[in-house]
Amino acid sequence: MGFDLSTVRRSFKRQFGMTFLEMARQRRIRDGFETISDGGKIIDAQIDAGFESASAFRASFAKLLGRAPGKLDSAPILHADWIETPLGSMITVCSKSQMHLLEFVDRKALKTELGKLDISAKGKIGIGKTQLGAQIKDELDAFFDGTSANFSTPLAYGGSAFSQSVWNELKLIPPGQTRSYSEIAKRIGRPSATRAVARANGANQIALVVPCHRVIGADGSLTGYGGGLWRKQKLLEIERHYRTISKENAQ
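Residues numbered from 1 in each chain as written. Predicted model: local features only at pLDDT ≥ 70, side-chain atom pairs only at ≥ 80, totals over all residues. Heavy atoms only, no water.

Enquirer: Looking at this model, I keep getting lost on the packing of helix 2 (residues 20-37) against helix 4 (residues 54-65). Mind explaining?
Expert: Axis angle and axis distance: for two packed helices, these are the angle between their axes and the distance between the axes, and together they describe the pair. Following both chains from N to C, one finds helix 2 and helix 4 inclined at 85 degrees, their axes separated by 11 Å at the closest point. Regarding the angle of helix 2 to helix 4, the classification is roughly perpendicular. Listed contacts from helix 4 to Ile-29, Gly-32, Phe-33 and Ile-36 of helix 2 are Phe-57, Ser-60, Phe-61, Leu-64 and Leu-65. Here the residues of the contact of helix 2 with helix 4 are counted per class, giving seven nonpolar, two polar and no charged. (Axes fitted to C-alpha atoms, helices over the stretch in contact; angles between N-to-C directions. Helix = DSSP H or I, 4+ residues; strand = E, 2+ residues; numbered from the N terminus. Parallel < 35°, antiparallel > 145°, perpendicular 65-115°, else oblique. Contact = heavy atoms within 4.5 Å. Nonpolar A, V, L, I, M, F, W, Y, C, P; charged D, E, K, R; others polar.)

Enquirer: Any chance you could explain the side chain of Thr-92 here in plain terms?
Expert: With respect to the helices and strands, the residue Thr-92 is situated in strand 2 (residues 88-94). Within the structure, the side chain of Thr-92 is placed 3.3 Å from the backbone oxygen of Leu-101, a separation counted as a polar contact. (Polar contact = N/O pair within 3.5 Å; in protein donor to acceptor, adjacent residues only side chain to side chain.)

Enquirer: Please explain the side chain of Thr-85 as it appears in this structure.
Expert: The topology assignment puts Thr-85 in strand 1 (residues 78-85). We classify Thr-85 as buried; its relative accessible area is 12%. Among the polar contacts made by the side chain of Thr-85, one reaches the main-chain carbonyl oxygen of Gly-88 at a distance of 2.7 Å. With residues near it in sequence (within four places) discarded, Thr-85 still touches Met-90, Phe-104 and Phe-144. (Buried < 20%, exposed > 50% of the residue type's maximum accessible area, 1.4 Å probe, protein only.)

Enquirer: I would appreciate a short explanation of the environment of Arg-214 in the present structure.
Expert: With respect to the secondary-structure elements, Arg-214 resides in the loop between helix 9 (194-203) and strand 6 (215-216). Between the C-alpha atoms of Arg-214 and Lys-171, which are 43 residues apart in sequence, the distance is 9.6 Å. Here Ile-173 takes part through its backbone oxygen, which lies 2.6 Å from a polar atom of the side chain of Arg-214.

Below, the structure is given as structure tokens:
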């Protein structure tokens, strides 16, 4: 089309938050991840992911999950699964009764978060599908389709009592609305704890369901978001639809 290649690369990264090669690598890992999740062998996952080298596949997998696929527990109590959304791939980690994590795959803190869960589960974390994993996938599909912003998947919080109070308050923010950090601090009865609220907001590892993207600066500006500011902007744009629906229902 006559565009300079460097211009196209920069535009692609602005739009999708990653380079084309990074997206391609992510898709390859997804294919291998899903093969294992469906009960396939590691060698089949490597082939499905398009890796000729077993060591390269193990290294790429470990970069995401913190350990190679062969070192994942075969009888886990926490199951990681892959979910595709219009805003990028996500990883969910669920036990039989609760969801412990829901994050975008390219979040920098993901490896650390998975490591903490691995420690808490005493190494018994693996890959596989669960009933709750299917439930959150359906709820995310409805959210992005514009049919429902309600999430009922039961959650397991980590973190301090203070952090949990912040996350509970975040869940009370209606879709299509926003709050500032100082407003959240006041609502939980800690008006001077604005910075602590910001830290708790950033430590949230259950994206969208605990809507930390609905928290903005006191001046109305978008502030840091682990999934990338471009995603935060997109999520707030999506939720304008739900704000319109709420107004119509109120009338």
